[in-house]
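Working through the structure, step by step
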Amino acid sequence: MYKANITVTLRSSILDPQGKAVQHALTNLGFEAIDRVRVGKVIEMWINEESAAAAEIAATAACEKLLANPVMEDFSVEVKDVPEDD
């Protein structure tokens, strides 16, 4: 069993209004050293494949077909071996 940790973020050329709102709120709370915020999503996926390479291919395909918008978002996939009951 493999666990894929997928991070999906807006491309740097895309405006991030949610990130701007979070940055503004943090500044209002006194976190003035925080200069920029970008908001994304993290997806955990358990994959029952024979190898880490096959699990990475499955996770990447899921991102390309459903989890990430290829026009606006980038994604990264990290796969690690986990016990069956994790």
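Up top is the structure.
For the structure given in this document, a descriptive report is provided here. (Residues numbered from 1 in each chain as written. Predicted model: local features only at pLDDT ≥ 70, side-chain atom pairs only at ≥ 80, totals over all residues. Heavy atoms only, no water.)

A cluster of nonpolar side chains, contributed by Leu29, Phe31 and Ile34, occupies part of the molecular surface with about 300 Å² of accessible area. Overall, the relative accessible area of 44% leaves Phe31 in the partly exposed class. (Patch = residues over 30% accessible without salt bridge, like charges linked within 9 Å, V, L, I, M, F, W, Y side chains within 5 Å. Areas by Shrake-Rupley, 256 points an atom, 1.4 Å probe, with all protein chains shown as cover. Salt bridge = Lys/Arg side-chain N within 4 Å of Asp/Glu carboxyl O. Buried < 20%, exposed > 50% of the residue type's maximum accessible area, 1.4 Å probe, protein only.)

Before going further, it helps to examine the nonpolar core. Among the nonpolar cores identified, the biggest contains 13 residues, and Ala4, Ile6, Met45, Ile47, Ala59, Leu67 and Val77 are the most heavily contacted of them. Every element with two or more residues in this core is listed here: strand E1 (2-10), strand E2 (41-47) and helix H2 (52-67). Excluding anything up to four places from it in sequence, Ala59 contacts Ala4, Ile6, Met45, Ile47 and Val77. (Core = buried A, V, L, I, M, F, W, Y, C linked by side-chain atoms within 4.5 Å. Helix = DSSP H or I, 4+ residues; strand = E, 2+ residues; numbered from the N terminus. Contact = heavy atoms within 4.5 Å.)

The next subject is the pairing of E1. Judged by how many residues are buried, E1 sits mostly within the fold: seven of nine residues are covered. Note: E1 against E2, seven bridges, orientation antiparallel. Bridged to Thr7 within E2 is Val42. For E1 and strand E3 (residues 73-81), the ladder comprises nine bridges, and the chain directions are antiparallel. Bridge assignment links Thr9 to a residue of E3, and that residue is Asp74. (Pairing = 2+ DSSP bridges.)

Now for the pattern of salt bridges. Counted under the stated rule, the structure contains two salt bridges. In this structure, Lys3 engages Glu44 in a salt bridge whose closest nitrogen and oxygen atoms are separated by 3.1 Å. With Lys3 in strand E1 and Glu44 in strand E2, this pair connects stretches of sequence that are 41 residues apart. For Asp74, the salt bridge goes to Arg11, with nearest N and O atoms at 3.0 Å. Separated by 63 residues along the polypeptide, Asp74 in strand E3 and Arg11 in the loop between E1 and helix H1 (17-28) bring together distant segments of the chain.

This part covers the sheet that holds E2. Taken in spatial order, the three strands of this open sheet run E2-E1-E3, and their pairing is antiparallel. With one partner strand each, in any of the chains shown, E2 and E3 form the two edges of the open sheet. Going across the sheet, the axis of each strand differs from the next one's by a mean of 20°, ignoring polarity. Packed on one face of the sheet, H2 meets E1, E2 and E3 and runs near 155° to E3. (Axes fitted to C-alpha atoms, helices over the stretch in contact; angles between N-to-C directions.)

Right, let's get into H2. Under the 1.5 Å per step criterion, the end-to-end length of H2 is only 20 Å for 16 residues, more than 12% shorter than the ideal 22 Å. For H2, the complete set of buried residues consists of Ala55, Ala59, Cys63 and Leu67. Angularly, the buried residues of H2 cover 80° about the axis, an arc narrow enough to put them on a single face. Across H2 from its buried face, at more than 90 degrees, point the exposed residues Ile57, Glu64 and Lys65. Buried residues belonging to H2 abut E1, E2 and E3. (Expected span 1.5 Å × (residues − 1). Arc of directions from axis to C-beta.)

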